[in-house]
Amino acid sequence: MRKFNYQKSLYVTLGIIIVSTVSVIMSLQSTYGYIATKSEIINEMKHSSKVTIDSLKKNITNLMLSYSINEYDNLIRNEMIHHSHFSIVVEDYNMGKILGEKAYISGKIKDNSGEIIDFDSKSEHQKQQLEACFYSDKDYIVNLLGEKIGSLTIYISNESMNVVLNKIIRDTITNSIAISLLLIISLLITIRLFILKPISNIISVIGNSDKDGIPIELIPNHGASEISALSTTMNYMVSSIRGSRIKLKEQHKELKEREDQLRILSLATEQSPISILICNSSNIIEYANPQFEKTSGYDIYDVVGRSIEFLFEFSDQDKNQIIKCKESLVLNNRWIGEITPLTKEGVSYNLRISASPILGEDKLSSHNIYVAEDITQHKRNEEILRNSQKMDAIGQLTGGVAHDFNNLLGIIMGNLELLKMDKLLQLDQLKKIDSAMASAVRGAQLTRKLLNFSRQDHKKQELTKINSFIRNLHELISKSVTAVIKVEVQLEESLWSVEIDSGDLEDAVLNLSLNARDAMPKGGVLIIETANKYLDAYFVKQNPGFSVGDYVMLSVSDTGVGITNSVRKKIFDPFFSTKEFGKGTGLGLSMVYGFVKRSNGHILLYSEEGHGSSFHIYLPRALNEHNEHGSSEQSHKTIAELPRGNEKVLIVDDEKALLLSAENYLKSLGYQTYVASSGEAALEVLKSEEGIGLIFSDVIMPGIDGFELANQAIKLKPDIKVLLTSGFTSKQISSDDDQKNESKLLKSLLNKPYNLRELAEAVRSTIDG
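Reading the values: the criteria
Residues numbered from 1 in each chain as written. Predicted model: local features only at pLDDT ≥ 70, side-chain atom pairs only at ≥ 80, totals over all residues. Heavy atoms only, no water. Phe/Tyr/Trp six-rings, centres within 6.5 Å; stacked < 30°, edge-to-face > 60°. Lys NZ or Arg CZ within 6 Å of the ring centre and 35° of its normal. pLDDT = per-residue confidence, 0-100. Helix = DSSP H or I, 4+ residues; strand = E, 2+ residues; numbered from the N terminus. Buried < 20%, exposed > 50% of the residue type's maximum accessible area, 1.4 Å probe, protein only. Contact = heavy atoms within 4.5 Å. Pairing = 2+ DSSP bridges. Axes fitted to C-alpha atoms, helices over the stretch in contact; angles between N-to-C directions. Expected span 1.5 Å × (residues − 1).

Peer 1: Mind showing me how you'd approach the packing of aromatic side chains here?
Peer 2: Here the distance between the centres and the angle between the planes together describe a pair of aromatic rings. In total, this model carries eight aromatic pairs according to the counting rule given. Cluster of aromatic residues (ring-pair linked, three or more members): Tyr 538, Tyr 665, Phe 696 and Tyr 754. Sitting above the plane of the Tyr 140 ring, Lys 148 keeps its charged end 4.1 Å from the centroid. When the ring centre of Phe 310 is taken as reference, the NZ or CZ atom of Arg 306 above it lies at 4.2 Å.

Written out as structure tokens, the structure reads:
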């Protein structure tokens, strides 16, 4: 081994010290100017960071409350693009609670090439880069209650000033270049003599590395003591780096999986078809998803910060429910119940709520989650099903009783006939037998009606043209009602045929006409209409029990006193009557119901107190005619073939189920929809929303009706179009309100119930004028 030359080393070291001292003296002037310029740049960058923090705080607060990580991540990226910040780091305390950590740390940082990458809070290299920044600014993000929900920190590196300071640096380099060359030459000589050769083996080993840049073999431990110590230290460092790299990869994989889970959870919550609310331990709402906004009508800003109890305050029963709910949550138990809150517009609806505590690793609850399903339509379907089951049960009961009673009457009438054949009977005895026989005959007639209702008295059905049948009955109906009642008939040409018992049809029409007469003691209009109807899947979904297909609709309407909600529920029950005792059997509408069901048809009642009633009977189109002529053109139309649009439509109806149905119809056709449950609410929407081109409104509503809404809307926006809809016919409405000059609106009136095709064509036609 070559002997170490200490004297030569000493000379070289002294030369380096002298050269370095001269270099420092020559650079003092340039350095002084450099410091002054750097101070000005620092002040400017501090101001820029303050502006950025204020801007981000305004936009990131709501995103942090809704756990929208991706959205505020994009905001940070945009700020990094448009400014010279080195890094922006966000601490999210809300997300940290969900992850079981103090805070969820994310953000952006620039790599060595200046590209913006995700900040990794576990990266020691990135932490060292942040610590090396000459300036940082931190501020906290608070919610509406003043609570800290996160923090925001901006870092600025020295690289931002390099462009401005290049001139000073160039001056310094120019003054020092000559001395630096001498210094480099001296250093090269020193390195060549005392360093390069001894560590050549180390370089060779290090060059043989894996894909992560870590040496595959250990560095040989031989040579001078200094090199030996260096080899030992480097071997230890390589082992540590290799172990840390493995752990870092595992942690990165785990973090990526958790980020994916959180992203999917966030999307699922935002897109859930069921309302989701998250409250703190005091039941103050901190988050509500878009479905809750759609169901309740409240914006998220209307409910965040309010107590969940506002949903339970509309009835005493619901107030008791919230007490039970809170008691369960305090015990960390789940609670399930049903309530009837009001929408923002004051319309009641049904919710099934499941409330559960959100437990941390310590089994303590800091938040509660409320999952609320809108079961309004489900409740309506249940009521329809219960009514159908009730009518079936009553039909079976009355059918059985009527059948046995019919047999008893047969025996009684037979014996009475035998008694009359006895020639020894006196005149007064014969009169008594005739009286008994008359009563038995009345009993037989009553039994027939009961059998008709129960669908056990089957008669022969035949192909029937209802239009011809109604024309023949017109005169009889006119004579059956009083002179103060006007009978009008409106029949559709080319009406399809049906297979029914014509005798039962006659009884049904006469019964409905006589009921209409009794509902108009001071006179009015009785309207009989026929029409071809195709009931599509959308219609059937809103009217459980109906079937898709072609039907002939027969409507009997009046302008009488209307029917109350309580009476509607029992209107078809046998022996139910609103007439005085002795003035009716209560079987008239029961017979109508029995005829319709026996004919595989359906019946709907539409009524408004003080405005009248309409009975819509749907009878299936005759199969023979159906096979001969094919299905109706409209039944083959798919939703893609229907008239569509993208205009803004305001839907107005005081019946929530019909309101939501129309909204779903029009959305499926591409229209932008707004809803209101009253004329007053509709006018407020018109005032606040721009670009609404059509109002689709029910006619009869509490407060401002459809006609008045149309008049006021046209005053606000003269170019707006109006389409009215009603369960009543245009003749009913015009006769009931003929002092209003609304003939144009009545001509385009869309009758309820309607299918998707009828709605699509009516809306498109009205918008297009």
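Peer 1: I would appreciate a short explanation of the confidence of the model for the protein in the present structure.
Peer 2: Summary statistics for the protein give a mean pLDDT of 78 and a share of 77% for residues scoring 70 or more. Mean pLDDT across the elements of the protein ranges from a minimum in helix α22 (residues 730-736), with 57, to a maximum in strand β18 (residues 648-652), with 93.

Peer 1: Sorry, what's going on with the environment of Ser 599 here?
Peer 2: Within the fold, Ser 599 resides in the loop between α17 (588-598) and β16 (602-608). Overall, Ser 599 belongs to the buried group, its relative accessible area being 6%. Spatially, the C-alpha atoms of Ser 599 and Gln 461 are 8.5 Å apart, while their sequence positions differ by 138 residues. Here Ser 599 is in contact with Gln 461, Ile 500, Leu 619 and Pro 620, once residues within four sequence places are set aside.

Peer 1: Just checking my understanding: could you explain the sheet that holds strand β7 (residues 285-288) for this structure?
Peer 2: Sheets are built from strands that pair by backbone hydrogen bonding, the pairs being arranged parallel or antiparallel. Spatial ordering of the open sheet is given by β7-β6-β10-β9-β8, a layout of five strands whose pairing is antiparallel. In this open sheet, the two edge strands, each paired with only one partner strand, are β7 and β8 (335-339). The mean inter-strand angle of the sheet, taken between neighbouring strand axes irrespective of direction, is 25 degrees. Judged from the five bridges that link them, β8 and strand β9 (residues 351-359) form a sheet pairing that is antiparallel. Residue pairing across strands places Glu 338 opposite Arg 352, the latter belonging to β9. Helix α10 (residues 316-330) rests against β8, β9 and β10 (365-374) of the sheet, and its axis sits at about 165 degrees to β8.

Peer 1: Teacher, can you tell me more about helix α19 (residues 656-668) here?
Peer 2: Given 3.6 residues to a turn, an α-helix orients residues that are three or four positions apart in the same direction. Given a rise of 1.5 Å per residue, 13 residues ought to cover 18 Å, and the 18 Å separating the end C-alpha atoms of α19 matches this to within 8%. Among all positions of α19, only Lys 656, Ala 657, Leu 659, Ser 661, Ala 662, Glu 663, Tyr 665 and Leu 666 are buried. In the segment just after α19, Gly 670 is the residue with positive phi, at about 100 degrees.

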